[in-house]
Amino acid sequence: MVTAVAQRLASQRKEIDDTLAAFALSPTQLQEVKAKMRVELERGLKKDSHPTASVKMLPTYVYRTPDGTERGKYLALDLGGTNFRVLVVKIRTGMRNSVRMYNKIYAIPLEIMQGTGEELFDHIVQCISDFLDYMGMKNTRLPLGFTFSFPCNQTGIDKGDLVCWTKGFKATECEGYDVVDMLREAIKRRNEFDLDIVAIVNDTVGTMMTCAYEDPKCQIGLIAGTGSNVCYMEEMKNIEFVEGDEGQMCVNTEWGGFGANDNIEDIRTRYDREVDGGSLNPGKQRFEKMTSGMYLGEIVRRILIDLTKHGLLFRGRITERLKTKGIFETKFLSQIESDRLALLQVRSILQHLGLDSTCDDSIIVKEVCGAVSRRAAQLCGAGMAAVVDKIRENRGLDNLEITVGVDGTLYKLHPHFSTILKDTVRELAPNCKVDFILSEDGSGKGAALITAVAQQKFVNKRINSGEIDKYLYAMRFSDETLRDIMARFRREMENGLGRDTNPTATVKMLPTFVRSIPDGSEKGDFIALDLGGSNFRILRVKVSHEKKQTVQMESQIYETPEDIIHGSGSRLFDHVAECLGDFMEKQKIKDKKLPIGFTFSFPCAHTKLDEAVLLTWTKRFKASGVEGMDVVKLLNKAIKKRGDYDADIMAVVNDTVGTMMTCGFDDQRCEVGIIIGTGTNACYMEELRHIDLVEGDEGRMCINTEWGAFGDDGTLEDIRTEFDREIDRGSPNPGKQLFEKMVSGMYMGELVRLILVKMAKEGLLFEGRITPELLTKGKIETKHVSAIEKSKEGLTKAEEILTRLGVEPSEDDCIAVQHVCAIVSFRSANLIAATLGAILTRLKDNKNTPRLRTTVGIDGSLYKMHPQYARRLHKTVRRLVPESDVRFLLSESGSGKGAAMVTAWASRLADQTRQIAETLAEFRLTEEQLLEVKKRMRTEIQNGLSKNTQSTATVKMLPTYVRSTPDGTGERSTAIRCIFLKIGKQMTRILDMQ
């Protein structure tokens, strides 16, 4: 009897396992799915095979992801299921970009979904009307982005013919028609408001754009919810049925149709075929019916009916509710598969569905749900592996890092779907590091961002994206490229620190002999000089300790004329000495010899804190006879020549060091200083053991990287543009400071001017007009770039600036120029982020810590004045060095205060040295004193040896009765051993007697 029961249970178990085995996909099968998907992706892109391809690869006419410059107020519609959403999206730019959204959700009744097209779009417009009333915006003509989550054949960003309905929609007279036209006609019929329909997008595209706004690595969108689909950024040259070869375009794969040509029949089950046969569109969207939330519950229901018919579930009783199509919703899969849910709770869900289940039934139902959802996740993973591998090969990379933006209830709510999906991608695409980020705001925000992107320069009908990208594409960097630049800079840092490699290194890594940041003990009265541009600043800095440490500063700025900058070195330092004398006169301190700190913002080789040999001039300075000379000696010589005051120059520091010290006074975690202004440079605290050029291994020293020369050896040739080369050729120092010429404020405006001239010559701007002002070098300054990129008045400023150049710009011209400025400044921020990232990773490695916490002191007009620069820099650094918490601290007092801090430290060090010397002075003996000690010691030795004076002698000279030292002869050694043996025997006898 027991054996029969066991056999019956085993037979039932085998029948259940056999049923579910069809849903278990082997690694070989998944590889085959990936390969077949890849074939269909390629077929969908080819002009000849596109009509018969099951994966349609529809062009979206979205040419790029957001770059952070988008702004404005937009209306967004989101139609893709039984609910329809209307949103107002406000995009703001500034130090922190923000997106604010207001929305209402409206139901789409079944009779509307499956009625006529006119009824459907009239219902949509009625919902829009209600929303505009609710927001009080009916009289505002807003640009509109329409997320329409059904396959459309697009011929433009605002043109889309519906290919076929999916997800239960069946409205008549829509398929083959332009849905944008249908929406416009419905708006006209209502005649209550007007909208500017700028873009129609798929929900996958909206999701990608939403996530790309947060992570620029996001180049793929995935929907895993009611439906299933993917989009990604494809190279234009691969999309054969769209004109143009330059740049990229987002392609909506519509991979739900994969399998329409029977190429996945080997993995479809009879349950899949039953679900397909009972759907509104038999034979279509086969892949979607195996992977999406709309169908998974129905697949499970049909399996449960089959198992029940065979007596394997629910005591063989099939209830009427179980027979009801759609009763087993996909949300039940997510609930039943939850690890937190006990079997009793699973039974409760089944009872809610009218199913009287046992614990064994609950276990089987859980297995069925797991098999169906696991297969769905694996199939999505195999499809995604095909997409990422294609992108990697498109870019010619061995390894790819990319982000996928994801939305959909299945991905969000199912307890295991996302994990299985990621694991499958990792196994099938091992050369791709794929991150998945969840879209928190839905695809509506993405539609608004696409509308914003479309409304920028792309609204200019004379300038299409391909033409603009001829000039700007090379200035956009992926995170892969930026990490590669990080690695290059890191190698140059190591070359600069090595004794053997330093002479040929472009990044000189100059020791500064500054060994610590301020610790709060600094005090005194100091003078700081700050020379680094056409203005020369002198400060008096008083650091006091009353209740708390305070700093008082008085300063004056003196102009350094062009003829002095390009004259002789003696004239330059005479000018500095004259200004210093004038300042001391006004401060009434000419009679005092105050400690002086000298901020000298040019590359110098230090041998001590107060010795600095100029290596090369930068920033347009060309004073002769200074390079190769100690600038402290030159300044002292100029001061001595005047003879009316004296000076004690205790420290020479670079402006980056001054900035780090200034910020270090407020935050003692500050160990990096950066200048992003007229010039650019960085310093940081390096371990002494790594600095081959300086003796000693203990402690740290600040290193002045002089990173402006990065690339002077050709390291950056692959990312330099024709405009960078033209700027370099026209500079006072061709071939030098190449990195600085790509990123600093001195050259940014000129870079923009050269691009605009080129575009105007090709008739893309200003109707081809090129004025003498536009051709004049220096007519566009970096401050103009900052003004043009301001969020509110930017276009007005662009018009003013361009009008002064005589080009009579149109509104489209202003939009295009604003975009050029954004790309140029964004490139600068990205490159700075890459080099800073290299410094931060080195600090992290030096400290051997899993997470770096540090502060970066920062100064410079470009960083301070540009409306977007700081935010872009911070955001990129966070992406490139995710294992760090970096605080960016703006130097409010400039580098002069920092020079005073260094001087205070040097002064304190000098005082400490003096005090130590005074303390130790008593221990220093002259030769005469030592001879006297010798004489006295001789006398005391004689007294100790004399019988008459021995008792009073301080040196007692006590006899030991050891009469000789060893002479190496064995006989004497034997005698000595005999003596010790006798003594030993006598001691033994004495002890025995006791």
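Along each chain, the written sequence defines residue order, and numbers are assigned to residues from 1. With the structure being a predicted model, the display of local features is reserved for residues of pLDDT at least 70 and the display and counting of side-chain atom pairs for 80 or more, all residues being used for whole-chain, interface and lining totals. No hydrogens and no water enter the side-chain calculation; it runs on all heavy atoms of the structure.

- The name that an unreviewed UniProt entry assigns to the protein chain is hexokinase, with the source organism given as Cyprinus carpio.
- You can read under Sequence similarities (unreviewed entry) in the UniProt record for the protein chain the words "Belongs to the hexokinase family." UniProt positions are given in the numbering used here, feature names are shortened, and annotations may be inferred rather than shown by experiment.

## Digging into the nonpolar core
Stage number 1. Take the buried Ala, Val, Leu, Ile, Met, Phe, Trp, Tyr and Cys residues and link them wherever side-chain atoms come within 4.5 Å; each set so joined is a nonpolar core. Buried means the residue's accessible area, taken with a 1.4 Å probe over protein chains only, is under 20% of the maximum for its type, while exposed means over 50%, and partly exposed covers the values in between. By size, the foremost hydrophobic cluster in this structure holds 111 residues, and its most contacted members are Ile 220, Phe 328, Met 384, Val 388, Phe 417 and Phe 436.
Stage number 2. Here, residues are in contact when the closest pair of their heavy atoms is within 4.5 Å. Look past the residues within four positions of Met 384 in its chain and what remains in contact with it is Ile 220, Leu 222, Val 230, Trp 255, Val 404, Val 425 and Phe 436.
Stage number 3. In this structure, Leu 751, Val 817, Ile 839 and Leu 880 belong to the second largest nonpolar core, which totals 96 residues.

## Overview of the sheet that holds strand β8 (residues 196-201)
Stage number 1. DSSP calls a pair of strands paired once it identifies at least 2 bridges connecting them. Every helix listed is a DSSP run of H or I at least four residues long, and every strand listed is a run of E at least two residues long, numbered separately from the N terminus. One open sheet holds the 5 strands; their spatial order is β4-β3-β2-β5-β8, and the pairing between them is mixed. One side of each edge strand has no neighbouring strand; the edge strands of this open sheet are β4 (98-107) and β8. Averaged over all neighbouring strand pairs, the angle between strand axes comes to 20°, with direction disregarded.
Stage number 2. Note that strand β5 (residues 143-148) and β8 share 5 bridges and pair parallel. For Pro 143, the partnering residue across the bridge sits in β8 and is Asp 196.
Stage number 3. Helix axes are fitted only over the stretch in contact, all axes being lines through C-alpha atoms; the angle between N-to-C directions runs from 0 to 180 degrees. Here helix α4 (residues 117-135) sits on the sheet in contact with β2 (72-79), β3 (83-92), β4 and β5, set at roughly 130° to β4.

## Digging into the pairing of strand β6 (residues 152-156)
Stage number 1. Relative to strand β7 (residues 159-162), β6 runs antiparallel, the two being bridged by 4 bridges. Across the sheet, residue Gly 156 finds its bridge partner in β7, namely Lys 159.
Stage number 2. Where β6 folds back on β7, the antiparallel hairpin that results is connected by 2 residues.

## Brief notes about the packing of aromatic side chains
Stage number 1. Pairs were defined over the aromatic rings of Phe, Tyr and Trp, the Trp ring being its six-membered one, requiring ring centres within 6.5 Å. Orientation was assigned from the angle between planes: stacked under 30 degrees, edge-to-face over 60, tilted for the rest. Tallied over the entire structure, the rule returns 22 aromatic pairs.
Stage number 2. Ring geometry for Phe 489 versus Phe 710: centroids 5.1 Å apart, planes at 75°, classification edge-to-face. With Phe 489 in helix α18 (residues 479-497) and Phe 710 in the loop between β24 (700-704) and α23 (722-729), the pair connects residues that are 221 residues apart, well separated along the chain. When sorted by exposure, Phe 489 lands in the same class as Phe 710, which is buried.

## Details of the sheet that holds strand β10 (residues 228-235)
Stage number 1. Pairing within the open sheet is mixed, and its 6 strands lie in the order β1-β11-β10-β9-β12-β13. In this open sheet, the two edge strands, each paired with only one partner strand, are β1 (58-59) and β13 (432-438).
Stage number 2. Pairing analysis gives 2 bridges linking β1 to strand β11 (residues 248-252), with the strands arranged antiparallel. Among the inter-strand pairings, Pro 59 is bridged to a residue of β11, identified as Val 251.

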